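Observations on the three-dimensional arrangement
Each chain, letter by letter, is given below.
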Amino acid sequence: MAKPRVFSGVQPTGNLHLGNYLGAIRNWVKLQADYECIYCVVDMHAITVWQDPADLTRATREVTASLIAAGIDPEGSILFNQSRVPSHAETAWIFNCVARMGWLNRMTQFKEKAGKDRENASVGLFAYPNLMAADILAYQATHVPVGEDQKQHLELARDIAQKFNFDYGVEHFPAPEPLILGEATRVMSLRDGTKKMSKSDASDQSRINLTDSADDIAQKIRRAKTDPAALPASVEELEGRPEARNLYAIHAALGDETVADVVAAFAERQFSDFKKEMTERAVDRLGPLTAEMRRLMADPGHIDAILHRGAERANEIAAPILAETKRIVGFV
Ligand code: AQP
């Protein structure tokens, strides 16, 4: 029996951080055993906000190197960059005509990213969820591993698939399911436990980048915001303590434990002890990944060849699906 198909993407908008790693990429690696996996560096999403061209090229290679270093196998899985496969843009246009303005108006990520200056945001930023739906449905993928922040966009992808099928009286697109896995599905900023850890946060102290050295990691964890209360004796005691909750979730996820395991291990101990052990765990986990990524980045030609080959394989799957989509729409 054919394995179910997974699609997921990451933007080359800067260095990947611990949130991307624990919320998404680590799960991508695990899913390779049981799914047919298509992983995409979504450069067309990246340009929904301004990207310096040279930085975009560098970040595309760097993100690809991080994915391979984290354990994505470019032979077994398909790894490529979005702009090389035309089905994404072509399907997205059709979805621009299926999705309703009212649906997109409800997307919280657009509100957060456009901020107060909505009039000045790009049309691409507004239509971003339609392109994301196209990314997934261009392959008729059924499962999408994402962090919690992407749940709303995935629900929109399901709505688009259903409306397309209903409008045209077909069963062409599946309704894709989110796979939100692990103890750290929403990693928060190290400076503010109520804000998501993000590449675009102005403060580098807010996140642990996958390119950070052991010293950087140690310093960021030492300075991470905490609260004056004692370490919790139960999981319930983490309620209302967003910074402590976040650090516990990160420590648990890095060690493949539950938050309850971490609570039990540190009850009646000091935050300084906890932070020391958290640093060791983060460095042990990320150090080899960073070293491998640096090694891969020394040969950008090799990374480009992987992306090109991946795009060819992705296109082999997407081209016949796009041909059928166009036939259904009535394009000659
Ligand atoms: N803080 C997070 N916690 C858990 N998962 C996260 N993801 C991102 N941030 C967190 C997951 O990582 C995958 C790739 O995300 P992306 O880079 O394509 O876009 P994003 O969600 O917009 O990430 P950033 O860091 O916030 O990027 P910028 O600042 O450029 O917008 C997704 O599966 C996402 O859920």
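Each chain has its residues counted from 1, running along the sequence as written. pLDDT decides what is reported in this predicted model: residues at 70 or higher carry local features, side-chain atom pairs at 80 or more are listed and counted, and totals for whole chains, interfaces and linings draw on all residues regardless. Side-chain figures throughout are based on the complete set of non-hydrogen atoms in the structure, without hydrogens or water.

For the rest of this paragraph, the subject is the overall build of the protein chain. By definition, any uninterrupted DSSP run of H or I lasting at least four residues is a helix, any uninterrupted run of E lasting at least two residues is a strand, and each is numbered from the N terminus. A count of helical and extended segments in the protein chain gives 13 helices and 5 strands. Computed over the C-alpha atoms, the radius of gyration of the protein chain is 21 Å, within 12% of the 20 Å expected from 2.2 N^0.38 for a compact globule of 332 residues. The classification of residues rests on relative accessible area computed with a 1.4 Å probe and restricted to protein chains. Under 20% of the type maximum is buried, over 50% is exposed, and intermediate values are partly exposed. The buried share of the protein chain, taken over its 332 residues, is 51%. Surface accessibility follows the Shrake-Rupley procedure with a 1.4 Å probe radius. Residue values consider only the protein chains on display as shielding. Accessible area of the protein chain: about 15,300 Å², with a carbon and sulfur share of 51%. The average position of the 39 basic charges and that of the 46 acidic charges among the side chains of the protein chain differ by 3 Å. Radius of gyration: over C-alpha atoms. The globule rule applied is 2.2 Å multiplied by the number of residues raised to the 0.38 power. In summary, the charge assignment counts Lys and Arg as positive and Asp and Glu as negative, without counting His or the chain termini. Note that the charge is assigned to NZ on lysines, CZ on arginines, CG on aspartates and CD on glutamates.

With that out of the way, let us pick up the site of the ligand. When at least one non-hydrogen atom of a residue lies within 4 Å of a molecule or strand, that residue is treated as near it. The environment of the ligand is formed by 22 residues, the closest being H17, K113, D149, K199 and S200. Pairing of N or O atoms within 3.5 Å defines a polar contact, subject to two protein rules: one partner must be a possible hydrogen donor and the other a possible acceptor, and residues neighboring in sequence count only if both atoms are side-chain atoms. Backbone polar atom of G19 to a nitrogen atom of the ligand: 3.2 Å apart, as the coordinates give it. K113 places a side-chain nitrogen or oxygen 2.5 Å from an oxygen atom of the ligand. When the ligand is considered free in solution it has 650 Å² of accessible area, and contact with the protein chains removes 97% of it. Contributing elements (two or more residues each) for the shell around the ligand: β1 (5–10) and α1 (18–31). Throughout, the ten residues Ala, Val, Leu, Ile, Met, Phe, Trp, Tyr, Cys and Pro are labelled nonpolar, Asp, Glu, Lys and Arg are labelled charged, and all others, Gly among them, are labelled polar. Among the residues making up the shell around the ligand, the classes are represented as 5 nonpolar, 12 polar and 5 charged.

What is meant by a nonpolar core is a set of buried Ala, Val, Leu, Ile, Met, Phe, Trp, Tyr and Cys residues, joined one to another through side-chain atoms within 4.5 Å. The biggest cluster of nonpolar side chains holds 57 residues, and the ones touching the most others in it are L18, Y21, L22, L67, Y248 and F274. L22 has contacts with N27, A184, V187, I250, A253 and L254, leaving out every residue within four places of it along the chain. The next biggest cluster of nonpolar side chains, apart from the first, holds 43 residues, and it includes V42, M107, A133 and Y139. The contact rule is simple, with two residues in contact once any of their heavy atoms fall within 4.5 Å.

This part is about helix α10 (residues 242–254). Residues spaced three or four apart along an α-helix point in a common direction, a consequence of the helix completing one turn every 3.6 residues. When the terminal C-alpha atoms of α10 are compared, their 18 Å separation across 13 residues agrees well with the 18 Å that a helix rising 1.5 Å per residue should span. Counting buried positions along α10 gives 11 out of 13 residues, so the element sits mostly inside the fold. The set of residues buried in α10 consists of E243, A244, N246, L247, Y248, A249, I250, H251, A252, A253 and L254. The inward-facing, buried residues of α10 abut α1, α11 (259–266) and α12 (271–297). Looking one or two residues beyond α10, the residue adopting positive phi is D256, at roughly 55 degrees. Every helix has an expected span of 1.5 Å times one less than the residues it contains.

Helix packing for two helices is described by the angle between their axes and how far apart those axes are. Contact pair α1 / α10: the axes reach a minimum separation of 11 Å and the direction vectors enclose 50 degrees. One finds that α1 runs oblique with respect to α10. Crossing of α1 over α10 shows left-handed handedness. Residues L18, L22 and R26 of α1 pack against I250, A253 and L254 of α10. Classifying every residue of the contact of α1 with α10 by side-chain character gives 5 nonpolar, no polar and 1 charged. Helix axes are fitted only over the stretch in contact, all axes being lines through C-alpha atoms; the angle between N-to-C directions runs from 0 to 180 degrees. Here the word oblique covers every angle except those under 35 degrees (roughly parallel), over 145 (roughly antiparallel) and from 65 to 115 (roughly perpendicular). Handedness of a crossing is defined here by the sense of rotation of the near helix relative to the far one, left-handed for an anticlockwise turn of less than a right angle and right-handed for a clockwise turn.

Moving on, we get to the packing of helix α4 (residues 87–96) against helix α13 (residues 300–329). Two elements in contact, α4 and α13, have axes whose closest approach is 10 Å; the angle formed by their N-to-C orientations is 25 degrees. As the angle between them shows, α4 and α13 are arranged roughly parallel. In this structure, α4 meets α13 at a crossing whose hand is left-handed. Contacts from S87, E90, T91 and I94 in α4 reach N315, A318, A319, L322, T325, K326 and V329 in α13. For the contact of α4 with α13, the residue count by class is 5 nonpolar, 4 polar and 2 charged.

Frequently, the measure chosen for interface size is the accessible area removed from exposure when the parts meet. Domain boundaries assigned for the protein chain yield domain 1 (5–185 + 299–329) and domain 2 (204–294). Throughout, the edges of the domains are those of an automatic or database domain assignment. Each of domain 1 and domain 2 was reduced to a C-alpha centroid, and the two centroids are 29 Å apart. Contacts between the two partners involve 15 residues from domain 1, matched on the other side by 19 residues from domain 2. With both chains or domains summed, domain 1 and domain 2 bury close to 1,500 Å², and 69% of this area falls on carbon and sulfur atoms. Any Lys or Arg side-chain nitrogen located within 4 Å of an Asp or Glu carboxyl oxygen qualifies as a salt bridge. Applying the counting rule to domain 1 against domain 2 returns 2 salt bridges. For R26, the salt bridge goes to D256, with nearest N and O atoms at 3.1 Å. Linking domain 1 with domain 2 are 5 residue pairs in polar contact (both at pLDDT 80 or more), by the criterion used here. When contributions to the side of domain 1 that touches domain 2 are tallied by element, the ones reaching two or more residues are α1 and α3 (53–70). Across the side of domain 1 that touches domain 2, the residue classes tally to 8 nonpolar, 3 polar and 4 charged. Buried area: the accessible area, evaluated with a 1.4 Å probe, that two parts lose upon being put together, summed over both parts.

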